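Residues per chain, in single letters:
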Amino acid sequence: MTVFGEFFEHNNFGGDSYTAELTNNWRYWWVKFGGDLRNEISSMRARAYGGRSGNAYGFTRNDFLGDMAALNMGEGWTCWWSSLGGDMNDDIESGLLINRSDDETELNMKDLLGAAFADAFDEATEGTQVSRRGDPKIYSVFWPSWDSDRKFVRIEQDMRVELDWWPDYDAQVQYDIYFYVSGGEVHAYVARIRTWVEGGIFSGSINDELHPQMVDGADDLDEQLENGLALLNLLGALGGGFTGVYLLPGNPPNMTPPAGNFGRMGSAYENSTVVLRT
């Protein structure tokens, strides 16, 4: 099973290029573009063959985040963007090829976690000086600097901290969730909690109080995750259990056979997709 990807300097696949071939049983091939091609890529093309499907992505940040251009290839398909256009042109800093497997189940993490997390957060902070600012943002994080061997589903929540006699402070919490398979079952837990408070004379004291509260929230989130996965594991056991798990950026891709080139533009921050193998 192979995914072959090409990233080009100019429109219509011209100029300097970077090529990558994802072979054997590797799941990912990633690149952080440097030198001549960083912020120079204007077109991309990819093909999946050898009995499996695949995905290719180009990102406007060098950590596989930001805006993204996606290509979704069924077995034997060649898909392309002859011009990335708009803000994507000359703005690609990293790329990702992903080898897909047979017998997969895709989990839309925004649908599964978004509303439940918001409700639990509101309940936990009711009557306190902390409140949500907007809905939680859920997205995939690939090989972050703090754990460069693993990938995570991140829940990021903006907050407001009210002070009785001082302007409000903006704050944020990030929960990085690690998914894994053991004994045919999928499990997940919060592997990292990061809190941030905007700068000011009270930011340190606010963070000292806020961070322990967010750590307590991680324990509740772990419990919610395991409870939510219990039914999935029960259904999975009927098919022999799960054999692996991996992540995709953004919404679950549409792999329906295209009439021609097939892909879409989006944002890596729009969602996270967890893929289970049976």
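In this convention, every chain numbers its residues from 1, walking through the sequence in written order. A pLDDT threshold of at least 70 governs which residues receive local features in this predicted model, and a stricter bar of 80 or more applies before side-chain atom pairs are shown or counted, although totals over entire chains, interfaces and linings include all residues. The basis for every side-chain value is the complete set of heavy atoms in the structure, and neither hydrogens nor water enter the calculation.

Another aspect to go through is the pattern of salt bridges. Here, a salt bridge means any Lys or Arg side-chain nitrogen found within 4 Å of an Asp or Glu carboxyl oxygen. In this structure the tally under the stated criterion is 15 salt bridges. Residue R52 is joined to D102 by a salt bridge in which the shortest nitrogen-to-oxygen separation is 3.3 Å. In this pair, R52 is assigned in the loop between β4 (43–49) and β5 (54–59) and D102 in the loop between β8 (94–99) and β9 (104–108), connecting sequence segments 50 residues apart. Throughout, exposure labels follow a simple rule: accessible area from a 1.4 Å probe, protein chains only, divided by the maximum for the residue type, with under 20% read as buried, over 50% as exposed, and the rest as partly exposed. Looking at D102, the relative accessible area reads 45%, which means it is partly exposed. As a salt-bridge pair, E156 and K137 come within 3.8 Å of each other at their nearest N and O atoms. Of this pair, E156 sits in strand β12 (residues 151–163) while K137 sits in strand β11 (residues 137–142), and the two are 19 residues apart along the sequence. Overall, E156 belongs to the buried group, its relative accessible area being 11%. Residue K137 is classed as partly exposed on the basis of its relative accessible area of 34%. Among the charged side chains, a network of salt bridges with common partners joins R100, E104 and E106. Only DSSP runs of H or I reaching four residues or more are called helices, and only runs of E reaching two or more are called strands; each is numbered from the N terminus.

Turning our attention to the confidence of the model for the chain. Known as pLDDT, the predictor's per-residue confidence is scaled from 0 to 100. Residue-level pLDDT values for the chain average 89, and 97% of them are 70 or greater. Per-element confidence in the chain ranges from a low mean pLDDT of 86 for helix α2 (residues 203–238) to a high of 98 for β11.

What follows deals with the nonpolar core. Buried Ala, Val, Leu, Ile, Met, Phe, Trp, Tyr and Cys residues form a nonpolar core when they are joined through side-chain atoms within 4.5 Å. The biggest cluster of nonpolar side chains holds 50 residues, and the ones touching the most others in it are Y175, I177 and F179. Considering every element that reaches this core, the biggest residue donor is α2, with 8 residues. For Y175, the contacting residues outside a window of four places in its chain are F117, V153, R154, I155, V190, R192, I193, M214, G217, A218 and L221. Only heavy atoms enter the contact rule, under which two residues are in contact if any of them lie within 4.5 Å.

With that settled, consider the sheet that holds strand β15 (residues 244–249). Here, a strand pair is defined by DSSP locating no fewer than two bridges between the strands. Here we have 3 strands laid out as an open sheet, ordered β9-β17-β15, and antiparallel in their pairing. With partners counted over all chains shown, the strands left at the sheet margins are β9 and β15, one partner each. Pairwise comparison of adjacent strand axes, ignoring direction, gives a mean angle of 25 degrees for this sheet. Note that β15 and strand β17 (residues 272–277) share 6 bridges and pair antiparallel. In the strand pairing of β17, V245 is matched with L276. Axis lines are fitted through C-alpha atoms, for helices just across the contact stretch, and the angle between N-to-C directions can take any value from 0 to 180 degrees. Lying over the sheet, helix α1 (residues 109–125) contacts β9 and β17, oriented at roughly 35 degrees with respect to β9.

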